[in-house]
Amino acid sequence: MIEKTLLIASALTALGVIITTAVKVYKFIRKWEKWVEETSEHELDNYLSIKRLTIMSHEMPLSERIAAGEKYIKNGGNGEVKHKYEELLSHLPKEF
């Protein structure tokens, strides 16, 4: 009788350890996924900011500003910077 009780208790303990480990691994994976998503969002924001600065900078050559504008629009950029890019496109034939 005692042996059966010890066997059941050890099985329940092992099951508890397995479940606890699985929950900890799951939580770690979820935190990791959230960190990767946030990092990706920040990288895209930084990328678009650099393109925005390139487009708006008067010191940059027109060809680089237009190339940056194409990438900016392609990656979801919009608004005033898009209008500036379209304005730059209108100046392109005049210079070449």
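Refer to the structure presented above.
Here the structure is a predicted model, which means the values were calculated and not measured.

Draft legend 1. Spotlight on the environment of Y85. Inspection of the secondary structure puts Y85 in helix α3 (residues 80–95). Every residue in contact with Y85, bar those within four places of it in the chain, is listed here: I55, I66, G69, E70 and I73.

Draft legend 2. Spatial organisation of the side chain of K84. Following the sequence through the fold, K84 ends up in helix α3. Those residues within four positions of K84 in sequence are excluded, and the remaining contacts are I55, M56, H58 and R65.

Draft legend 3. Structural view of the pattern of salt bridges. Scanning all chains against the criterion turns up two salt bridges. A salt bridge links E33 to R30; the shortest N-O distance between them is 2.7 Å. One end of the pair, E33, and the other, R30, are both in helix α1 (residues 2–56), three residues apart, so they sit about a helical turn from each other.

Draft legend 4. Quick peek at the nonpolar core. Counting nine residues, the largest nonpolar core is built from L48, I55, L62, I66, A68, Y72, V81, Y85 and L88. Secondary structure elements with two or more residues in this core: α1, α2 (62–74) and α3. The greatest single-element share of this core, amounting to four residues, is contributed by α2. Beyond its immediate chain neighbours, meaning those up to four positions away, I66 contacts Y85, L88, L89 and L92.

Draft legend 5. Structural view of a negative patch on the surface. Together, E37, E38, E41 and D45 line one region of the surface with negative charge. Mapped onto the elements of the fold, D45 is located in helix α1. Taking relative accessible area as the criterion, D45 reaches 45% and is therefore assigned partly exposed.

Draft legend 6. Expanded view of the packing of α1 against α2. Packing of α1 against α2 brings their axes to within 8 Å, and their N-to-C directions diverge by 145°. Here α1 and α2 pass one another in a crossing that is left-handed. Residues Y47, L48, K51, R52, T54, I55 and M56 of α1 touch α2, and the partners they reach there are E64, R65, A68, G69, K71 and Y72.

Draft legend 7. Representation of the side chain of T54 within the structure. Secondary-structure assignment places T54 in helix α1. By relative accessible area, which is 17% here, T54 ends up buried. At a separation of 2.9 Å, a polar atom in the side chain of T54 contacts the main-chain carbonyl oxygen of I50. Each residue touching T54, except ones within four places of it in the same chain, is listed here: M60, E64, R65 and A68.

Draft legend 8. A look at α2. Taking 1.5 Å per residue, 13 residues should reach 18 Å; α2 reaches 18 Å between its end C-alpha atoms and fits that length. Every buried residue of α2 is listed here: L62, R65, I66, A68, G69 and Y72. The buried residues of α2 occupy an angular sector of 160° when projected down its axis, which confines them to one face. Just downstream of α2, G76 is the residue with a positive phi angle, here 95°.

Parameters at a glance
Within each chain, residues carry numbers counting from 1 in the order of the written sequence. Predicted model: local features are reported for residues with pLDDT of at least 70 only, side-chain atom pairs are reported and counted for 80 or more only, and whole-chain, interface and lining totals are derived from all residues. Think of the side-chain values as coming from all heavy atoms in the structure, minus any hydrogens and water. For helices the rule is a DSSP run of H or I covering at least 4 residues; for strands it is a run of E covering at least 2, with both sets numbered from the N terminus onward. Contact criterion: two residues are considered in contact whenever any of their non-hydrogen atoms come within 4.5 Å of each other. A pair is scored as a salt bridge if a Lys or Arg side-chain nitrogen falls within 4 Å of a carboxyl oxygen belonging to Asp or Glu. The definition of a nonpolar core used throughout is a set of buried Ala, Val, Leu, Ile, Met, Phe, Trp, Tyr and Cys residues joined through side-chain atoms within 4.5 Å. Each residue is placed in one exposure class: buried if its accessible area under a 1.4 Å probe, protein chains only, is under 20% of its type's maximum, exposed if it is over 50%, and partly exposed if it falls in between. Without a salt bridge and with relative accessible area above 30%, a residue can belong to a patch; like charges are then joined within 9 Å and nonpolar side chains (Val, Leu, Ile, Met, Phe, Trp, Tyr) within 5 Å. The protein chains shown are the only cover counted for residues, whose accessible areas, like all others here, come from Shrake-Rupley with a 1.4 Å probe. Residues scored as charged are limited to Lys and Arg (positive) and Asp and Glu (negative), so that His and the chain ends carry no count. Charge positions come from single atoms, namely NZ of Lys, CZ of Arg, CG of Asp or CD of Glu. Under this scheme, a helix contributes an axis fitted over its contacting stretch, all axes are lines through C-alpha atoms, and angles between N-to-C directions fall in the 0 to 180 degree range. By convention, the crossing between two helices is left-handed when the near helix turns anticlockwise from the far helix through less than a right angle, and right-handed when the turn is clockwise. Polar contacts, as counted here, are pairs of nitrogen or oxygen atoms within 3.5 Å of one another; within protein the pair requires one atom able to donate a hydrogen and one able to accept it, and residues that are adjacent in sequence qualify only if both atoms are side-chain atoms. An expected span of 1.5 Å times one less than the residue number is assigned to each helix. It is the directions from the helix axis to the C-beta atoms that the arc portrays.

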